[in-house]
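Working through the structure, step by step
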Amino acid sequence: ETSAQVVATAATEGFIAVSPDGVPGDFGIRTWNGGTCCGYAAAHDVDDVGFVAALLDHLEARLCIDRRRVYAMGMSNGAILSYRLACELSSRIRAVGPVSGTIMVDPCTPGRPVPMRHVHGTDDANLPFAGGLGCGAAGVAFTPVPDAIAGAAGRNGCTGSPVVALQEGDGTCVRQGDCPAGSEVELCTIAGGGHQWPGGEPPVVAGLPGCPFGYQSQSFDATTELWSFFSTHPPR
């Protein structure tokens, strides 16, 4: 959140931003159970989908929330959880915006299509675009991003050839063919991008030992473009 500046965008655009924390595990690192990743949360089968549902109950009881316009986005392990929410909490999540993540749950059987705009650097070494083991501490083989996108497009009923939907700086968003209205699936690639939140404030830590986070785009603002995607999807 510090890098992504979501709260600042929420204040400008007038939406509610909530940034929950995963459970602490080894070395105090907080993780989410996105399926086969990551860390303590996945190893101990923490019910993070249930947690998010309970969190929504808590927020809806206390704030003026449009239940038809609830969106989920996150980076890395948070992006992996966003994919899982699209699969298992589709009744409450209108759209998702994973950044530098992928799907790590199988099967994925949402009750209804969940629109998606996925943002990923082409040179992400921590969670490789092509899938497989990254250089980070997760120690799992990641699902290739093209496979994750193809799965989402198939579930949402998208057909036909991909088409460029947005070109902004070094980011290119490609819509996965002709999707039913309100069910678009897009993949935004950042040319040369690393394991970063594009357009955010540069992180204090440049990476982990032997695993640099890499290039962070400042010409593609992921927070702005994800909110633009979310806000164009009306309630259903």
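Higher on the page you've got the structure.
Residues numbered from 1 in each chain as written. Predicted model: local features only at pLDDT ≥ 70, side-chain atom pairs only at ≥ 80, totals over all residues. Heavy atoms only, no water.

The residue V46 is located in the loop between α2 (39-43) and α3 (48-62) in this model. Note: C-alpha distance between V46 and A165 (119 residues apart in sequence) is 37 Å. Not counting residues within four places of it along the chain, the set of residues in contact with V46 comprises V23, N33 and A41. (Helix = DSSP H or I, 4+ residues; strand = E, 2+ residues; numbered from the N terminus. Contact = heavy atoms within 4.5 Å.)

Let us now look at a nonpolar patch on the surface. Together, I16, V18 and L63 make up an exposed nonpolar region whose accessible area comes to about 250 Å². Examined against the element boundaries, I16 turns out to sit in the loop between α1 (6-13) and β1 (23-24). The exposure class assigned to I16 is partly exposed, which follows from its relative accessible area of 49%. (Patch = residues over 30% accessible without salt bridge, like charges linked within 9 Å, V, L, I, M, F, W, Y side chains within 5 Å. Areas by Shrake-Rupley, 256 points an atom, 1.4 Å probe, with all protein chains shown as cover. Salt bridge = Lys/Arg side-chain N within 4 Å of Asp/Glu carboxyl O. Buried < 20%, exposed > 50% of the residue type's maximum accessible area, 1.4 Å probe, protein only.)

Time to look at the state of the cysteines. Summed over all chains, the structure comprises five disulfides. With its sulfur 1.6 Å from that of its partner, C37 forms a disulfide with C38. Because the sign of the S-S torsion sets the handedness, a value of about 85° for the bond joining C37 and C38 places this disulfide among the right-handed ones. Disulfide pairing places C87 opposite C108 at an S-S distance of 2.1 Å. Residues C87 and C108 share a disulfide whose torsion about the S-S bond is about -100°; that sign makes it left-handed. On the criterion of sequence distance, the pair formed by C87 in helix α4 (residues 77-88) and C108 in the loop between β4 (95-99) and β5 (116-121) is long-range, its members being 21 residues apart. The residues C87 and C108 share a single accessibility class, namely buried. Look at the chain and number its bonded cysteines as they come in the sequence; the links are 1-2, 3-4, 5-10, 6-8, 7-9. (Disulfide = S-S within 2.5 Å.)

This part takes up the pairing of β5. By the criterion of burial, β5 is predominantly enclosed, with six of the six residues buried. With two bridges connecting them, β4 and β5 associate as parallel partners. Bridge pairing links V99 to V119 in β5. Relative to strand β10 (residues 185-190), β5 runs parallel, the two sharing six bridges. Directly across from H118, in β10, lies its bridge partner L187. (Pairing = 2+ DSSP bridges.)

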